[in-house]
Amino acid sequence: MRNIIASSLIALLLTNQLWADSLFGTNVDTENVVSWDIVGDNNTYGLVVGGGQNVSVGGVNLSVDSDNLKVVDVFIGGIYNGGDGKNVNGNINIEFYSGSVNTFFVGGNYQSVGTVNGDIGIKTYGGNFYYGIRAGSMSPILSGQNFQTTDSNTNVYIGGNTVIDTSGNGNEAYSVAGSYVSVNDATLTIAENASIKGDIYGGGGRTLNDISYMNQNDLPDSVVANSANKVTMNIEGGNIEGNVYGGALKYSAVGSAEINVSGGKINGNVYLGGGEGGSGKYALTKGDSSLNISGGEITGNVYASGSNQTSKMLGNVVVNLSNDAKIGGTIYGNAENAIVEGTKTLNIGTSSEAYSGSTALKVAGFDKINVESNSNVKFTGIAADNSAKMIMDAKGNATVSDATYSNITNRSAWNNGENYSTTPLLSVQSGGSLSVESSSFENNSLIFENSPASGVGAQGLIKVSGGSLSVKNSSFEGNLSATTPADGAAYPNTQGSAIYASSALNVEVSGTKFAGNKSSAKSVQGGVVSLFGGSYTLSNNIFDGNKSDASMYQGDGWAYGAAGYIYDSWQDSPINLTINSNEFNNNLAEGTGAYGGALYIYQGKSGSGILIENSSFANNKAVGEEEALGGALYLNGGSSTIKNTVFSSNGASVGNYDFSYNGGGAIIVRNANVTISADKNIKNLGNYFSQNGTLSDERGGFLFMRGTSSVNFDISENATYEIGDGRSGYDSISSEVNAGSNHTINKIGLGTLTVNSSMEHYTGALNVNGGVMNVNNKLGASSVNIASGAVLSLTINGSNTLSNSNLTFSNAGTLSLVAGGSLEEGSYALSANSSIADFGSVKVYGGIFAENIFTVGSAEKMNLDNAGAALTVENNGRVSLTESGSENTVISMAFNSDYASVNEVNTTTQNLLSQIGSDFAAAASYSFDVVMDGGDTVVLSFLVDNPFLNLSDFSIYHKADGEDVWAVADDVSNVSYDGKYLSFIVSHFSEYGYAAIPEPSTYAAILGAVALAFAAYRRRK
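Residues numbered from 1 in each chain as written. Predicted model: local features only at pLDDT ≥ 70, side-chain atom pairs only at ≥ 80, totals over all residues. Heavy atoms only, no water.

Going by the annotation in an unreviewed UniProt entry, the name recorded for the protein is PEP-CTERM sorting domain-containing protein, with Intestinicryptomonas porci given as the source organism.

Draft legend 1. Quick peek at the sheet that holds strand 86 (residues 814-819). Spatially, 72-77-80-82-84-86-88 is the arrangement adopted by the 7 strands of the open sheet, whose pairing is parallel. The open sheet has two free edges, formed respectively by strand 72 (682-684) and strand 88 (842-845), since each of these has just one partner strand. Direction aside, neighbouring strands of the sheet carry axes that sit 15° apart on average. Pairing between strand 82 (residues 772-775) and strand 84 (residues 791-796): 4 bridges, direction parallel. Pairing of Met773 across the sheet is with Leu792, part of strand 84. (Pairing = 2+ DSSP bridges. Helix = DSSP H or I, 4+ residues; strand = E, 2+ residues; numbered from the N terminus. Axes fitted to C-alpha atoms, helices over the stretch in contact; angles between N-to-C directions.)

Draft legend 2. How the structure looks around the nonpolar core. The biggest cluster of nonpolar side chains holds 181 residues, and the ones touching the most others in it are Phe379, Ile382, Tyr405, Leu599, Ile667 and Tyr721. Ranked by the residues each element gives to this core, the list is headed by strand 4 (residues 59-76), at 6 residues. Ignoring anything within four residues of it in the chain, the contact list for Tyr721 reads Thr645, Phe647, Ile676, Ala678, Ile682, Asn684, Phe702, Phe713, Ile715, Thr752, Leu753 and Thr754. Core analysis: the next-biggest nonpolar cluster, separate from the first, contains 36 residues, Leu881, Val930, Phe942 and Tyr994 among them. (Core = buried A, V, L, I, M, F, W, Y, C linked by side-chain atoms within 4.5 Å. Buried < 20%, exposed > 50% of the residue type's maximum accessible area, 1.4 Å probe, protein only. Contact = heavy atoms within 4.5 Å.)

Draft legend 3. Structural detail: the side chain of Asn585. Structurally, Asn585 is set in strand 60 (residues 583-585). In this structure Asn585 comes out as buried when scored by relative accessible area, which is 13%. A distance of 3.4 Å separates the side chain of Asn585 from the side chain of Glu583, its partner in a polar contact. In contact with Asn585, other than residues within four places in its own chain, are Phe543, Asp544, Gly545, Ala618 and Asn620. (Polar contact = N/O pair within 3.5 Å; in protein donor to acceptor, adjacent residues only side chain to side chain.)

Draft legend 4. Examining helix 1 (residues 909-916) more closely. Regarding helix 1, the residues found buried are Thr909, Leu912 and Leu913. For helix 1, the buried positions fall inside an angular range of 95° around the axis, keeping them on one side. Of the exposed residues in helix 1, those oriented more than 90 degrees away from the buried face are Gln910 and Ser914. Directly after helix 1, the chain includes Gly917, whose backbone phi takes a positive value near 100°. (Arc of directions from axis to C-beta.)

Draft legend 5. Region of interest: the pairing of strand 3 (residues 44-53). The buried fraction of strand 3 is high, at 8 of 10 residues. In this sheet, strand 3 lies alongside strand 1 (residues 23-26) in parallel orientation, the contact comprising 3 bridges. When the sheet's bridge partners are listed, Leu23 is paired in strand 3 with Val48. Taken together, the 5 bridges between strand 3 and strand 4 define a ladder with parallel strand orientation. In the sheet register, Val48 faces strand 4, and the bridge partner there is Phe75.

Draft legend 6. Just the packing of aromatic side chains, in detail. What the rule picks out here adds up to 45 aromatic pairs. Look at Phe659 and Tyr661: their rings are 5.4 Å apart centre to centre, the planes differ by 5°, and that puts the pair in the stacked class. On the basis of relative accessible area, Phe659 is assigned to the partly exposed category, the value being 30%. Since its relative accessible area comes to 22%, Tyr661 is described here as partly exposed. In this structure, Arg727 packs its charged tip against the face of Tyr730, placed 4.3 Å from the ring centre. (Phe/Tyr/Trp six-rings, centres within 6.5 Å; stacked < 30°, edge-to-face > 60°. Lys NZ or Arg CZ within 6 Å of the ring centre and 35° of its normal.)

Draft legend 7. Broad picture of the environment of Ser475. Its place among the elements puts Ser475 in strand 47 (residues 475-477). Leave out the neighbours within four places in its chain, and Ser475 touches Ser439, Ser440, Phe441, Thr512 and Lys513.

Draft legend 8. Representation of the sheet that holds strand 90 (residues 853-856) in the model. With respect to topology, 3 strands assemble into an open sheet ordered 87-90-89, the strand pairing being antiparallel. This sheet does not close on itself; its edge strands, each paired only once, are strand 87 (826-829) and strand 89 (848-850). Strand-to-strand, the axes of this sheet are offset by a mean angle of 20°, without reference to chain direction. As paired elements, strand 87 and strand 90 share 4 bridges and run antiparallel to each other. Pairing of Ala829 across the sheet is with Ile853, part of strand 90.

Have a look at this one:
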């Protein structure tokens, strides 16, 4: 032991027997600082007291460096057992290098009425502590007293080779404050190489204004006083085997807590609040608190709360992650049953330090999550609901996987400009990116109230403002975005229930289902997605049963795009959208005006472009009181391409209003250039426009063109694009009758375009520039131009197939005229403009054409399988083949031949099926004995009468004369199917066959019809 004697110090002689095996700094009152060292002392003591017993001192400086020193009772930095007025009137500074303390280490006073009127500083660079450290005082409540208040600050540093092991003594390793006594600010630093086994608390215990509440769990907040006004815990290194609590231990409060983890390893949980080991003893944190994790490793969970139902946080709580913070468990906004009354926020990265952790984070229970710039983070398993909305704002790069967001309601209101839109669940800022994978969004609601004008209202659950978004393999079902207007408000918007994006760098959505979502307002801009300027890709998604709903605002409600609203005019950037392999089914836009039952697309900027490919639109509807435009698509402005895409049973329906611009059961094109292309067989069926419940061909069941528009049908070689089945009121192509309108349809590509429904009300230009175009109903074009090598084939069903009396006609290719299967004998004017003198090269089937007149004789009749006498066909005549005892024409033959002979036609179905199998919905085959001259051709039309079959359902086979093997035919042309007749052109008769593709077992139930096929044998001449 070393003695220290100086003018400002108390001389102290320590021996082994002094004060009955205890050490005291002094035994007399003094105004001076008691400073002393314990060095090289290997004895065992009951007490070591830095000040003294029942004395007052001016302060304490104590240094301990004795490897074998043992304190078996209490190590006290201040006064022990001091009475009233026995205080430490200065600072206490303790440095501990070696030795051991078996019970409490108390930095201040112990069992004393007196106070510490200074700061308490503790630094340990070694030593062993088996009952923890209390940095402040521990003074049991005396009679008539509640707790003791001081202005002391505690500052504790645990470093070096310090070992704190309380695993056998209650596991309470540390309290930065004390018990029964409050301090001002309490600071703890744990440095490299420190070893702690036990729990660490920032606050102390038992600081109540009313001691009658002691040991109760249900305490009023007003009863609980602070054991520390502010707690700061800095974990820079070391190893902690236990939990870390920023708040109080029990029956106590802290004003605020701050935990900073920058190093070391915590093998336990970290709680920003308090609560003794989850035992339910009351712990309160009154102010805003934060947990900052920038390094080190936490193997357990992180909680922005206390540990249990009596751990309460009254302020806001924040968890900040930066650098390579490692967390093995889940980051919770609050523990189960713990109370956080303020906002719970998780920040990934800070303004000065980005987060770069590589392990996916599991988070739960937060109100807000912010991902700061330059940070990269992955989240997994987020479960958000109305109690913890987990609202995320990504300025950096975030990935969210396996998340659920359900039953969340966010309400916002105008409040004189306080809000302009609803708060999204996930938002992406400029420069940020968000990836959402395998996640679900169900039954969430975003409500904006009292909107004063357009541009103010509800938006989607995910909002992208200049950043990037990826959504994969997820679902959005039953979500609602709604905007209610203020009195006199013009057209407040709702913009998407699922996704809102503007000026996005890149948005990709794939493998995702959007079902049963709805947006409502006086002006609805997108039932599901609302996209403004930027780059977008939608792939392999399903949009089913979504609604853009303005129907509640009768006379003044406008609904656009039940699946999506795409618009670029007010953005700095153009819009580029690719839609690939999507299904749009049963979507509905409804209001006073309805535009685009599935998609509304407006392009007003140079550089914008739309591609829709390999997709389908079925049963989408635009229903308007006064206006209905585009049951599936409204294409307004710019250039769009629609490739290998099917439109079926879409409709635009309007009430008792006859505005000339209403129309487009499937597609409406306004002031736009649209290319509809196909490199495989496509059939479009059942699309319609209706007014006041009545179907009409005048407004385009399939396509309606407005303004200055052009539509290019680009059909690749060997592909056929079919429109309609010839039924009145369905699948027509028409154009707006308006002096300022200018419409053009161009047929390009080497394939076949077949229009079975009416084109009588299309009054623009028709240019057939390549391949074959079949028009099997009337055509009202004002000009027709057939380029060299191209074919326009018209089916003659009566007079004025070319119905426009002002028609101009130019033919450098081939005009093909085919007598309709039910056309009666007689003469029929081809064009309503009788002044056309030259129709160019004309090929006629089933009649004679001269000077605008198509003359057809009666069809020769023959029974199948019972030929009788041979039939002679002259001058492009016709043959009708019927079954014995029936008048129904089974096969119609329209010849382009001066002379032909039909000897017999027999059924040979079993021969075909014996080779290609019998697993077909239906099949038939026929052998033809027909003689005609070389170069002659004939249109064969086979009655199928099933509007639900597509041309692609049929296969054509050929068996050469004298051979027994069927092969796929390669010598037929102009193959078409209009829902009733399957037709094609042949140039000679040998043996051929036709069969329907085998159906799945569910096909008939889905379509409500049975597919049919046939085969025809032809014998080579």
